[in-house]
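Chain by chain, the residues run as shown.
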Amino acid sequence: MPKATERSIAPEDVATAAELPGAGSGGADVVPLRGRNAGTPLDLDLIREQSANRSAIERRAATLGTRRSIKREWQAAWLLRAVTMIDLTTLSGDDTPGRVARLAAKARRPVRPDVLDALGAEDLGLRVASLCVYPTMVPAAVEALGDAGIPVCAVAAGFPAGLTPFAERVDEIHAAVEAGAREIDIVITRRHALTGDWGSLYDEVRVFREACGEAHLKTILATGELGSLRNVARASWTCMMAGADFIKTSTGKEKVNATLPVGLVMARAIRAYRQLSGFHVGLKPAGGVGKAKQALEWLTLMKEELGGPWLDQSLFRIGASSLLADIERQLEHWATGRYSAYHRHPLG
């Protein structure tokens, strides 16, 4: 492919290698996340006073893709940054060490070198935020990533339903951490939220947090199964008070997964918790975010609701498998003016 220098991205249009999360380290070290959320004592009165105006939230969400337009080199720059925030994921029943190894290779070099060269971005050292797998695949992922500096994330605690015996869920977290996982995505017991048993949910997440040790904890709310945006707000607060480092929308296995209205509720809970406690908590949409346009909408949400500090892999992730291929297609279109077929951007 010819180098399209007239359409390359100027240095001022995108973060430099030193500024991009995960770039510039030569792959030697895992990029540290922002300081841990230590949690706070459970405040049931505060949790119960949380509410959500669905109509107002949906109106606001509808503007995220229309009121702010990201075009030309700025769109390419934002998409490059989005790549660094992807938890590249495989959670299939037919996962094998070979599939994980192929995905790890894509995690190391998420965008084809010829596309980066055409964009003038070959020196950014792009890589994804993490490789997310089932606990049994953690050893294969650790081995495949080697010294790439990309942490392995494991889903645990009875993913995706969260209905296995509690002791087994805790043991699963311990096993994933011992195998080398640096981040743990747990799934909450939905019935606690559906019945308003916030004390039990708090206690559950505190135990999971302790089991994680030094590994960062992301709590999956499974928002599509919580019944209301008010429950999403209350579950978000409960998990943050219990010490979650991230709150995550979905397992990707529900009928309804990550949506912008849910993201707004969670982002506003994060902002209020930051003001109350002083702790930064991250947000991770997952499930159904498969297009570059959707990634831009989520980045816009984070920028407008939480500000620039949250446009960083230490505080924002996108759990995805197919998203990376569409972002790569959009970047190639920017560089060449042509859309390519998906098979030119395999994930592994």
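Residues numbered from 1 in each chain as written. Predicted model: local features only at pLDDT ≥ 70, side-chain atom pairs only at ≥ 80, totals over all residues. Heavy atoms only, no water.

Draft legend 1. Inspection of the overall build of the protein chain at higher detail. Scanning the protein chain from terminus to terminus reveals 13 helices and eight strands. Contacts in the protein chain between residues at least 24 apart in sequence constitute 79% of all its contacts with a sequence separation of at least 6. Accessible surface for the protein chain amounts to roughly 14100 Å². Of this, 50% is attributable to carbon and sulfur atoms. (Helix = DSSP H or I, 4+ residues; strand = E, 2+ residues; numbered from the N terminus. Contact = heavy atoms within 4.5 Å. Areas by Shrake-Rupley, 256 points an atom, 1.4 Å probe, with all protein chains shown as cover.)

Draft legend 2. Spatial organisation of the pairing of strand β2 (residues 130-133). Alternating positions in β2 separate into two faces, Ser130 and Cys132 on one and Leu131 and Val133 on the other, with burial throughout. Where strand β1 (residues 86-89) and β2 come together, three bridges link them in parallel fashion. Looking across to β2, one finds that Leu88 is bridged to Leu131. For β2 and strand β3 (residues 152-156), the ladder comprises three bridges, and the chain directions are parallel. Paired with Cys132 across the bridge in β3 is Cys153. One crossover worth recording links β2 to the parallel β3 by way of helix α6 (residues 138-145), and it is right-handed. (Buried < 20%, exposed > 50% of the residue type's maximum accessible area, 1.4 Å probe, protein only. Pairing = 2+ DSSP bridges. Right-handed = clockwise from strand over helix to strand, strands pointing away.)

Draft legend 3. Representation of the pattern of salt bridges. One pass over the structure, following the stated rule, counts 23 salt bridges. Taking the shortest distance from any N to any O, the salt bridge between Glu305 and Arg271 comes out at 3.2 Å. Of this pair, Glu305 sits in helix α12 (residues 292-306) while Arg271 sits in helix α11 (residues 260-277); the two residues are 34 residues apart in sequence, bridging distant segments of the chain. The closest approach of N and O atoms between Asp326 and Arg329, which form a salt bridge, is 3.3 Å. Of this pair, Asp326 and Arg329 both sit in helix α13 (residues 323-336), three residues apart, which is roughly one turn of the helix. Residue Asp326 is classed as buried on the basis of its relative accessible area of 4%. Accessibility expressed as a relative area gives 13% for Arg329, which makes it buried. Here the salt bridges share partners, and the residues they tie into one network are Asp87, Glu183, Asp185, Lys218, Lys248, Lys284 and Arg317. (Salt bridge = Lys/Arg side-chain N within 4 Å of Asp/Glu carboxyl O.)

Draft legend 4. Spatial organisation of the sheet that holds β1. Spatial strand order, β7-β6-β5-β4-β3-β2-β1-β8: eight strands in an open sheet with parallel pairing. The open sheet has two edge strands, β7 (282-284) and β8 (318-320), and neither has a second partner. Adjacent strand axes in the sheet meet at a mean angle of 25 degrees, parallel and antiparallel pairs treated alike. Sitting on the sheet, helix α7 (residues 166-179) is in contact with β3 and β4 (183-187), with an inclination near 160 degrees to β4. (Axes fitted to C-alpha atoms, helices over the stretch in contact; angles between N-to-C directions.)

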